[in-house]
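Structural features, examined
Residues per chain, in single letters:
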Amino acid sequence: MANNSRTRRRERDDDHPAIWVGYGKLAKLFRTKNGFTQQELADAVGYSCEQVASIEQGRRPAKAAFTEAAERVLGAGGVLAELQEDVDRAKLPKFFQDFASIEAEAVSRFAYDPLVVPGLLQTPEYARALLCGHCPPLDEETIDQRVDARISRQSLLTRSPMVELSFIVGELALRNPVGDAQLMQARLQHLIKAGSLQNVELQVMPAEGGVHVGLNGAFVLLETLEHQHYGYVEAQQVGLVISDPSKVSAFGLRYGKLRSQALNVEESARLIERLVGAE
């Protein structure tokens, strides 16, 4: 029985992302070189000793606040901070991580989402409500990590140099009552704020838009710093990065059609404002 327990424990340990384990080993190295015990470091950064131990063992990802404090206390010279983006990315579902790595290098990103507000425009509360509806259910720690990772990705909206961003969101995604009225109100107001950013265009596809090229589902079209073009599609926890030039080109043609078929930016903003007033 004891052997089975150890086997299960090893299997769980193997599931921890390599970047968490690597970050933890470096954090421990900096701690020991500076002569700190785990408890002393915990006191210095405002964490519990158990939390520090979990981070050093790679069982728990370091949050940006921990990394910032550890850099200051341990004089890590930016080594831990350099890893933070990768640590955050490893909180995302495995099927999405390849695309998230490409997304981090984007100079432009165009996305069509018919049924949900896209992750880059979600509030933490809306993201949590969606994740709580996951099947099979996710544990609270995983939900917390995925919310953190999703919100961290939103740095793309305000990054310098600016990323050209276009979102076409289905009207049904705006009207669907995910959460209570307060959550819906905050979600819509957040969309108005995001849509006012200089590098963001937000359009709404009307619910009664008739036949259009978006009826086959959501997709993303992205260009990287090296001017490579990718498409991405996702459904039911399966994600596919598309690099074939002919297929990516077809995505571009479809997105151009959708832009012409959706409400323009000003009409979309007015519709969202009317929905805010109706809540």
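Everything below is about the structure shown above.
The structure contained in this document is the topic of the report that follows. (Residues numbered from 1 in each chain as written. Predicted model: local features only at pLDDT ≥ 70, side-chain atom pairs only at ≥ 80, totals over all residues. Heavy atoms only, no water.)

**A word on the overall build of the chain**
So the rule is basically this: Helix and strand labels come from DSSP, where a helix needs a run of H or I of at least four residues and a strand needs a run of E of at least two; each type is numbered from the N terminus. Type-normalised accessible area, obtained with a 1.4 Å probe on protein chains alone, sets the label of each residue: buried when under 20%, exposed when over 50%, and partly exposed for intermediate values. By definition, residues are in contact when any of their heavy atoms lie within 4.5 Å. Methods summary: accessible areas were calculated by the Shrake-Rupley approach with a probe of 1.4 Å, and residue burial reflects only the protein chains presented. This count recognises Lys and Arg as positive and Asp and Glu as negative, with His and chain-terminal groups excluded. Where a charge lies is defined by one atom per residue type: Lys uses NZ, Arg uses CZ, Asp uses CG and Glu uses CD.
When its secondary structure is counted, the chain shows 13 helices and six strands. Projecting the C-alpha coordinates of the chain onto the three principal axes gives extents of approximately 65 × 45 × 45 Å. Relative to its full complement of 279 residues, the chain shows a buried share of 42%. Within the chain, counting contacts between residues at least 6 apart in sequence, those at least 24 apart form 70% of the total. By element, 53% of the accessible surface of the chain is carried by carbon and sulfur atoms, the whole surface being about 14,900 Å². In the chain, the 31 positive side-chain charges and the 37 negative ones have mean positions that sit 4 Å from each other.

**Some thoughts on a nonpolar patch on the surface**
Put simply, the test is: What makes a patch is a set of residues exposed beyond 30% relative accessible area and free of salt bridges, joined within 9 Å when like-charged and within 5 Å when nonpolar (Val, Leu, Ile, Met, Phe, Trp, Tyr). We define a salt bridge as a contact between a side-chain nitrogen of Lys or Arg and a carboxyl oxygen of Asp or Glu at a distance within 4 Å.
Nonpolar side chains collect at one region of the surface, where Leu-115, Val-116 and Leu-172 lie side by side and expose about 280 Å² of accessible area between them. Note on Leu-115: relative accessible area 58%, which makes it exposed.

**What about the sheet that holds strand β2 (residues 164-170)?**
For clarity, the cut-off: One requirement defines pairing of two strands: DSSP has to find at least two bridges between them. Axis definition: a line fitted to C-alpha atoms, over the contacting stretch in the case of helices. Angles run 0 to 180 degrees between N-to-C directions.
Here six strands make up an open sheet; going across it, the order is β3-β2-β1-β4-β5-β6 and the pairing mixed. Each end of this open sheet is capped by a strand with a single partner; those strands are β3 (200-205) and β6 (238-242). Between one strand axis and the next, the sheet turns through 15 degrees on average, direction left out of account. Taken together, the four bridges between strand β4 (residues 219-224) and strand β5 (residues 229-235) define a ladder with antiparallel strand orientation. In the sheet register, Leu-221 faces β5, and the bridge partner there is Gly-231. In the packing of helix α7 (residues 94-103) onto the sheet, the strands contacted are β1 (106-113), β4, β5 and β6, and the crossing angle to β5 comes to about 150 degrees. Packed on one face of the sheet, helix α12 (residues 245-261) meets β1, β2, β3, β4, β5 and β6 and runs near 115 degrees to β4.

**Points about the packing of aromatic side chains**
The condition is simple: Only the six-membered ring of Trp is used, alongside the rings of Phe and Tyr, when aromatic pairs are assigned; centres must lie within 6.5 Å, and planes under 30 degrees apart are stacked while those over 60 apart are edge-to-face, with the rest tilted. We count a charge as sitting over a ring when the NZ of a lysine or the CZ of an arginine lies within 6 Å of the ring centre and within 35 degrees of the ring normal.
If you walk through the whole model with that rule in mind, you get eight aromatic pairs. Ring geometry for Phe-219 and Phe-251: centres 5.0 Å apart, planes at 55 degrees, overall tilted. Of this pair, Phe-219 sits in strand β4 while Phe-251 sits in helix α12, and the two are 32 residues apart along the sequence. For Phe-219, a relative accessible area of 6% gives the class buried. An aromatic cluster is built from Phe-110, Tyr-112, Phe-219, Phe-251 and Tyr-255, whose rings are joined through pairwise contacts. The ring of Phe-110 carries the charged tip of Arg-259 above its face, separated from the ring centre by 4.7 Å.

**As for the packing of helix α8 (residues 124-132) against helix α9 (residues 140-152)**
Stated precisely, the cut-off is as follows: Here the angle decides the label: under 35 degrees means roughly parallel, over 145 means roughly antiparallel, 65 to 115 means roughly perpendicular, and every other value means oblique. In a left-handed crossing the near helix is turned counterclockwise from the far helix by less than a right angle, and in a right-handed crossing that turn is clockwise.
The interhelical angle for the contact between α8 and α9, taken along N-to-C directions, is 140 degrees, at an axis separation of 10 Å. Between α8 and α9, the angle is such that the two are oblique. For the pair α8 and α9, the crossing hand works out as right-handed. Residues Pro-124, Ala-127, Arg-128, Leu-130, Leu-131 and Cys-132 of α8 form the contact with α9, whose participating residues are Glu-140, Ile-143, Asp-144, Arg-146, Val-147, Arg-150 and Ile-151.

**Examining the environment of Tyr-23**
Here Tyr-23 is to be found in helix α2 (residues 18-33). Tyr-23 gets classed as buried once you look at its relative accessible area, which sits at 1%. With 44 residues separating them in the primary sequence, Tyr-23 and Thr-67 have C-alpha atoms 9.9 Å apart. Residues in contact with Tyr-23, not counting those within four places in the same chain, are Ile-55, Ala-62, Phe-66, Thr-67, Leu-80, Leu-83, Gln-84 and Val-87.

**What about the pairing of β1?**
In terms of burial, β1 is a largely internal element, seven of the eight residues being buried. Note that β1 and β4 share six bridges and pair antiparallel. The residue of β4 that forms the bridge with Ser-108 is Glu-223. Relative to β2, β1 runs parallel, the two sharing six bridges. The partner of Arg-109 across the bridge, within β2, is Leu-165.

**Things to note about the pattern of salt bridges**
The final tally for this structure, using the stated rule, is twelve salt bridges. Notably, a salt bridge pairs Arg-89 with Glu-85, separated by 2.8 Å at the nearest N-O pair. Linking Arg-89 with Glu-85, this pair stays in helix α6 (residues 79-89), spanning four residues, or about one helical turn. Note that Arg-175 is salt-bridged to Glu-171, the shortest N-O span being 2.6 Å. Of this pair, Arg-175 and Glu-171 both sit in helix α10 (residues 171-175), separated by four residues, roughly a single helical turn. With relative accessibility at 44%, the residue Arg-175 sits in the partly exposed group. Judged by relative accessible area, Glu-171 falls into the buried class, the value being 11%. Because the salt bridges share partners, they merge into one network encompassing Glu-85, Asp-86 and Arg-89.

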